[in-house]
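Fold and contact review
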Amino acid sequence: MERLQSTVENQVEFNLAESGVHPLRLGELVHDTGAREALLAERLRYTQTNGTSALRAQIASMYPGATPGHVLVTNGGSEANFVAVWNLVEPGDEVVMMVPNYMQIWGLAHAFGATVRDWPLVNDGWRWRIDADALERAVSPRTKLIVICNPNNPTGARFDAADLDRVAAVAGRHGSWVLADEIYRGAELDGRETATMWGRHDRVIVTSGLSKAYGLPGLRIGWIVGPPALAASLWGYHDYTTIAPAALSDALARCALEPARRTAIVSRTRAILNQNFPIIANWLDGHGGLFSYTPPEAGGIVYARYHHAINSTELVTRLRQEKSVLVVPGDHFGMDGYLRLGFGEQAGYLRQALDRVHAGITDLGMRNADACR
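Thresholds applied
- Residues numbered from 1 in each chain as written.
- Predicted model: local features only at pLDDT ≥ 70, side-chain atom pairs only at ≥ 80, totals over all residues.
- Heavy atoms only, no water.
- Axes fitted to C-alpha atoms, helices over the stretch in contact; angles between N-to-C directions.
- Helix = DSSP H or I, 4+ residues; strand = E, 2+ residues; numbered from the N terminus.
- Parallel < 35°, antiparallel > 145°, perpendicular 65-115°, else oblique.
- Contact = heavy atoms within 4.5 Å.
- Nonpolar A, V, L, I, M, F, W, Y, C, P; charged D, E, K, R; others polar.
- pLDDT = per-residue confidence, 0-100.
- Left-handed = near helix turned anticlockwise from the far one by under 90°.
- Buried < 20%, exposed > 50% of the residue type's maximum accessible area, 1.4 Å probe, protein only.
- Lys, Arg positive; Asp, Glu negative; His and termini not counted.
- Salt bridge = Lys/Arg side-chain N within 4 Å of Asp/Glu carboxyl O.
- Polar contact = N/O pair within 3.5 Å; in protein donor to acceptor, adjacent residues only side chain to side chain.
- Pairing = 2+ DSSP bridges.
- Expected span 1.5 Å × (residues − 1).
- Bend = angle between axes of the 7 residues up to and from the residue.
- Core = buried A, V, L, I, M, F, W, Y, C linked by side-chain atoms within 4.5 Å.
- Phe/Tyr/Trp six-rings, centres within 6.5 Å; stacked < 30°, edge-to-face > 60°.

Packing of helix α5 (residues 76-88) against helix α9 (residues 228-239) leaves a shortest axis separation of 9 Å and a crossing angle of 105 degrees. As judged from the angle between their axes, α5 and α9 are roughly perpendicular. Two secondary-structure elements touch here, α5 through Glu79, Val83, Ala84, Trp86, Asn87 and Leu88 and α9 through Leu230, Ser233, Leu234, Tyr237 and His238. When grouped by side-chain class, the residues that make up the contact of α5 with α9 number seven nonpolar, three polar and one charged.

Have a look at this one:
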């Protein structure tokens, strides 16, 4: 998926492959004189390589009981996931991974010699949910790591405290680590923040960042929250990757995570999602049964099943080549017959992009569900 996006996302007129929201401009983040003067005075030096103390304190404040010593700042959530898996997973280990999911950790675990066991979410027709019994069956004494994504990419589902307690209980019985990718936390459509995995088990790692819920992907700021001994060890791995966050990114992250500003940024994200979801829902519903989907609870993505006999990568390729619009094929999550459609852009842009997709599926004869799989 990342290769598709990085290769062609700047070559299309409309990009619906993104899972965040329309990004903030620098002037929207640093909008008062004092903040601008502080930014202009920032020295372009090496920062504290695990993140400045002030930034780590702000991040820790979002996780009850955490301190700056629990936090490692990374260059994006992708580095956070990378160094965590690099540290923990060795040849012969087992990794149990919630699927569908962002597939970075799936690929890393294979690369580091682990056996990966898929743990599928269940769709009961109303929502995607966790199957705790299936997790129990999947985990064994060799399971080093259980991987969850909450809120989930690509389904937009979120899992509540009771779900997370069940995951923690299974992990505790087997001594497994839990890695919770919580990068969409804060982007809930109903405004109710998703429960965190933090504090539910003594072997929990939370990864997150500013790219999705905050609309600040260009800052490339992510983080890991974990036990202090592990955070210190991961800092050493970080020395072998990017060494340090960029000085300006660290400074701007501190600005973004000031409590009042963080509240405003998250409110902006939720407003965009609530404005745009009816647009894409009406579009999906208006295709005579061609699509079926479960409304997302968080994040700017809809994971829609289409009922037509065409491979998802082939469909996406034709939409890109013929209509200059990019969406993500279900193949990239191991689920052909699905599309992941982003709806976090500006409303006018979204409508134009969906018009292009409509024209493309009309050209392919995908007008209704008569050609159902």
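This part takes up the confidence of the model for the protein chain. Mean pLDDT over the protein chain stands at 95; residues scoring 70 or higher make up 96%. Contacts for the low-pLDDT stretch residues 368-373, under 50 throughout, to residues beyond four places or in other chains number 21 contacts.

Interaxial distance between helix α4 (residues 53-60) and helix α10 (residues 247-256) falls to 9 Å at its minimum, and their mutual angle equals 40 degrees. By the angle between their directions, the pair α4 and α10 is classed as oblique. In this structure, α4 crosses over α10, and the sense of that crossing is left-handed. Of the residues in α10, those touching α4 at Ala54, Leu55 and Gln58 are Asp250, Ala253 and Arg254. Residues of the contact of α4 with α10, tallied by class, amount to three nonpolar, one polar and two charged.

Residue placement: Arg56 occurs in helix α4. The buried charged residue Arg56 lacks any salt bridge, with Asp250 as its nearest oppositely charged partner at 7.4 Å. Among the polar contacts listed, one links the side chain of Arg56 to the side chain of Ser53, at a separation of 3.4 Å. Apart from the residues within four sequence positions on either side, Arg56 is in contact with Gln48, Asn50, Gly51, Pro68, Gly69, Val71 and Val73.

Taking strand neighbours across the sheet as the criterion, the four strands line up as β11-β12-β15-β14 in an open arrangement whose pairing is antiparallel. In this open sheet, the two edge strands, each paired with only one partner strand, are β11 (291-293) and β14 (328-329). Where helix α11 (residues 259-285) meets the sheet, its contacts fall on β11, β12 (301-306) and β15 (338-342), and the angle it forms with β11 comes to roughly 135 degrees.

Looking now at the side chain of Thr294. Tracing the sequence through the fold places Thr294 in the loop between β11 and β12. Polar contacts involving the side chain of Thr294 include one to the side chain of Asn123, which spans 3.0 Å.

Taking 1.5 Å of rise per residue, the 27 residues of α11 would be expected to cover 39 Å, and the 39 Å separating its terminal C-alpha atoms lies within 8% of that figure. Taken as a whole, α11 carries its principal kink of about 30 degrees at Asn276; the proline Pro278 stands between one and four residues after it.

Of all hydrophobic cores here, the largest spans 97 residues; its most connected members are Ile59, Tyr214 and Trp223. With ten residues, α11 is the single largest residue contributor to this core. The contacts of Ile59, once residues within four sequence positions are left out, are Val71, Val73, Trp223, Val225 and Leu257. Listed in part, the 23 residues of the second largest apolar core include Leu88, Val116, Leu179 and Leu230.

What follows covers the packing of aromatic side chains. In this structure the tally under the stated criterion is nine aromatic pairs. Seen in terms of ring centroids, Trp86 and Tyr237 are 4.7 Å apart; in terms of plane orientation they differ by 85 degrees. Their pairing is edge-to-face. Of this pair, Trp86 sits in helix α5 while Tyr237 sits in helix α9, placing them 151 residues apart in sequence. On the basis of relative accessible area, Trp86 is assigned to the partly exposed category, the value being 29%. Ring centres of Trp128 and Tyr303 lie 6.3 Å apart, and the angle between their planes is 50 degrees; this geometry places the pair in the tilted category.

Before going further, it helps to spend a moment on the pattern of salt bridges. Summed over all chains, the structure comprises 22 salt bridges. Across the salt bridge formed by Asp165 and Arg200, the nearest N and O atoms sit 2.9 Å from each other. Linking Asp165 in helix α8 (residues 161-174) with Arg200 in the loop between β8 (177-181) and β9 (204-209), this pair joins segments that are 35 residues apart in sequence. Exposure remark for Asp165: the relative accessible area of 41% places this residue in the partly exposed category. In this structure Arg200 comes out as partly exposed when scored by relative accessible area, which is 27%. Between Glu193 and Arg262 there is a salt bridge, with the nearest N and O atoms lying 3.2 Å from each other. Highlighted residues: Glu193 in the loop between β8 and β9 and Arg262 in helix α11, separated in sequence by 69 residues. Shared partners join several salt bridges into a network, and the residues in it are Arg127, Arg158, Asp190, Arg192 and Glu297.

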